[in-house]
Amino acid sequence: MSAETVRVAIADAAARIASATPRLDAELLMAHALGVSHQDLLLKHLSDPAPSSFDALVARRLAYEPVAYITGSRGFWTVEIGVGPGVLVPRADSETLIEAAVAHFGGGQGPGRVLDLGTGPGTLLLAALAEWPEAYGLGVDSSEAALAYARRNATTLRIADRAIFKPGDWATGLAGQFDLILCNPPYIGIAEELGPEVRGHEPPAALFAGADGLDDYRRIVPELPRLLAPGGLAVLEIGWMQGEAVSALMRGAGLDPVLHHDLGGRPRAIAAKMPRS
């Protein structure tokens, strides 16, 4: 055990970590090293001796490995999503999609059937199923590694009886209609600059979508009208400069897009409702 306290070790690590949230990163790594929650760390353990295992975790972070890969999970909406190499790390900005869905369904009857295209580790689907306990869902992804995480997460969250995960190429071959369609597709242009944490660790297939970042929207959006039930809602995540382009694709498919902003005030999602008649 180190002679320094948890408080001092966190401060030292935060001073060395190059990220947008160095203090939070250090706290999450310390909580993981101690085997306690982030909240309990701050309330009960700051004066404890720092564990020796913390240094190795910080070294991995200094090599730009995502915190979620190091700790094995990331909180999203009301659920904890297990992640690791080969899957996209859930981002708080993506909660904008769930917020848009909650606003749409309000206090009335929630969606009965939910579809998550490009589900990754099940992030959006499992958050939606946790929000609406009567709903059932289908998650589709081309990555078997991601689907393995999604199935484990569904089991851990005790949602496995309401969630099906299957390999697929976006909506190809899907039949039936859904009350809620969620999708966080790749939307980064292939030449765009990314930090080493993202480009060096997260799967390129979950990030990049052609020269302008719109290739997958061009495939997904035309499928939405046939997959949406009357009165249903589709919500797609977008890059903050893609609102106009994806809205045009939506209108071209006969849908009426509505833009939603994240907590930073940037365009983050586009929603479209299917008319009831």
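Scroll up to find the structure.
Bear in mind the structure is a predicted one, so any value in this text is a computation, not a measurement. (Residues numbered from 1 in each chain as written. Predicted model: local features only at pLDDT ≥ 70, side-chain atom pairs only at ≥ 80, totals over all residues. Heavy atoms only, no water.)

Caption draft 1: Molecular detail of the overall build of the chain. Looking only at helices and strands, one finds 12 helices and nine strands in the chain. If one aligns the C-alpha atoms of the chain with their principal axes, the spans along those axes are about 70 × 40 × 35 Å. The buried share among the 277 residues of the chain stands at 48%. For the chain, the share of sequence-separated contacts (at least 6 apart) that also reach a separation of at least 24 residues comes to 65%. Accessible surface for the chain amounts to roughly 12700 Å². Of this, 55% is attributable to carbon and sulfur atoms. Across the chain, the mean location of the 23 positive side-chain charges is 3 Å away from that of the 32 negative side-chain charges. (Helix = DSSP H or I, 4+ residues; strand = E, 2+ residues; numbered from the N terminus. Buried < 20%, exposed > 50% of the residue type's maximum accessible area, 1.4 Å probe, protein only. Contact = heavy atoms within 4.5 Å. Areas by Shrake-Rupley, 256 points an atom, 1.4 Å probe, with all protein chains shown as cover. Lys, Arg positive; Asp, Glu negative; His and termini not counted. Charge placed at Lys NZ, Arg CZ, Asp CG, Glu CD.)

Caption draft 2: Structural context of the packing of helix α1 (residues 6-16) against helix α4 (residues 53-62). Taken N-terminus to C-terminus, the directions of α1 and α4 make an angle of 15°; their axes are 10 Å apart at the nearest point. Viewed along their axes, α1 and α4 adopt a mutual orientation that is roughly parallel. Between α1 and α4 the crossing geometry is right-handed. Mapping the contact onto sequence places Ala-9, Ile-10, Ala-13 and Arg-16 in α1 and Phe-54, Val-58 and Leu-62 in α4. Looking at the contact of α1 with α4 residue by residue, the class counts come to six nonpolar, no polar and one charged. (Axes fitted to C-alpha atoms, helices over the stretch in contact; angles between N-to-C directions. Parallel < 35°, antiparallel > 145°, perpendicular 65-115°, else oblique. Left-handed = near helix turned anticlockwise from the far one by under 90°. Nonpolar A, V, L, I, M, F, W, Y, C, P; charged D, E, K, R; others polar.)

Caption draft 3: Broad picture of the pattern of salt bridges. Tallied over the full model, the rule gives 15 salt bridges. In this structure, Lys-44 engages Asp-40 in a salt bridge whose closest nitrogen and oxygen atoms are separated by 3.8 Å. One end of the pair, Lys-44, and the other, Asp-40, are both in helix α3 (residues 38-44), four residues apart, so they sit about a helical turn from each other. Residue class for Asp-40 comes out partly exposed when judged on its relative accessible area of 26%. Residues Arg-266 and Asp-262 are paired through a salt bridge, measuring 3.4 Å at the closest nitrogen-oxygen approach. Note on Arg-266: relative accessible area 36%, which makes it partly exposed. Accessibility expressed as a relative area gives 6% for Asp-262, which makes it buried. One connected set of salt bridges, linked through shared partners, spans Asp-93, Asp-262, Arg-266 and Arg-268. (Salt bridge = Lys/Arg side-chain N within 4 Å of Asp/Glu carboxyl O.)

Caption draft 4: How the structure looks around the sheet that holds strand β4 (residues 136-141). Read across the open sheet, the seven strands follow the order β5-β4-β3-β6-β7-β9-β8; overall the sheet is mixed. Taken across any chain shown, the strands that pair with only one partner, and hence form the sheet edges, are β5 (163-167) and β8 (257-261). Strand-to-strand, the axes of this sheet are offset by a mean angle of 20°, without reference to chain direction. Judged from the five bridges that link them, β8 and strand β9 (residues 267-273) form a sheet pairing that is antiparallel. Residue Leu-259 lies in a different strand from β9, and its bridge partner there is Ile-270. Against the sheet, helix α12 (residues 243-252) touches β7 (228-237), β8 and β9, its axis set at about 10° to β9. (Pairing = 2+ DSSP bridges.)

Caption draft 5: Expanded view of the nonpolar core. Core analysis: the largest hydrophobic core is formed by 36 residues, its most contacted members being Val-114, Ala-163, Phe-165, Leu-180, Leu-182 and Val-235. For Val-114, the contacting residues outside a window of four places in its chain are Leu-125, Ala-128, Leu-129, Ala-135, Tyr-136, Gly-137, Leu-138, Phe-178, Leu-180 and Leu-182. Grouped together as the second largest cluster of nonpolar side chains are 32 residues, Phe-178, Val-198, Leu-224 and Ile-238 included. (Core = buried A, V, L, I, M, F, W, Y, C linked by side-chain atoms within 4.5 Å.)

Caption draft 6: The arrangement of the environment of Ala-56 in detail. Note on placement: Ala-56 falls in helix α4. Considered as a pair, Ala-56 and Ala-33 are 23 residues apart in the sequence and their alpha carbons are 9.6 Å apart.

Caption draft 7: Just the packing of aromatic side chains, in detail. If you walk through the whole model with that rule in mind, you get one aromatic pair. Measuring from centroid to centroid gives 5.6 Å for Phe-105 and Trp-132, while their planes differ by 70°, and the two rings are edge-to-face. Of this pair, Phe-105 sits in helix α6 (residues 95-105) while Trp-132 sits in the loop between α7 (123-131) and β4; the two residues are 27 residues apart in sequence, bridging distant segments of the chain. One cation-aromatic arrangement involves Arg-113 over Phe-178; the distance from NZ or CZ to the ring centre is 4.3 Å. (Phe/Tyr/Trp six-rings, centres within 6.5 Å; stacked < 30°, edge-to-face > 60°. Lys NZ or Arg CZ within 6 Å of the ring centre and 35° of its normal.)

Caption draft 8: Structural view of the environment of Val-258. Secondary-structure assignment places Val-258 in strand β8. Considering only alpha carbons, one finds Val-258 and Ala-272, 14 residues apart in sequence, at a separation of 6.2 Å. Dropping the residues within four chain positions of it, Val-258 is found in contact with Ala-269, Ile-270 and Ala-271.

Limitation: the analysis is restricted to geometry and does not speak to function.
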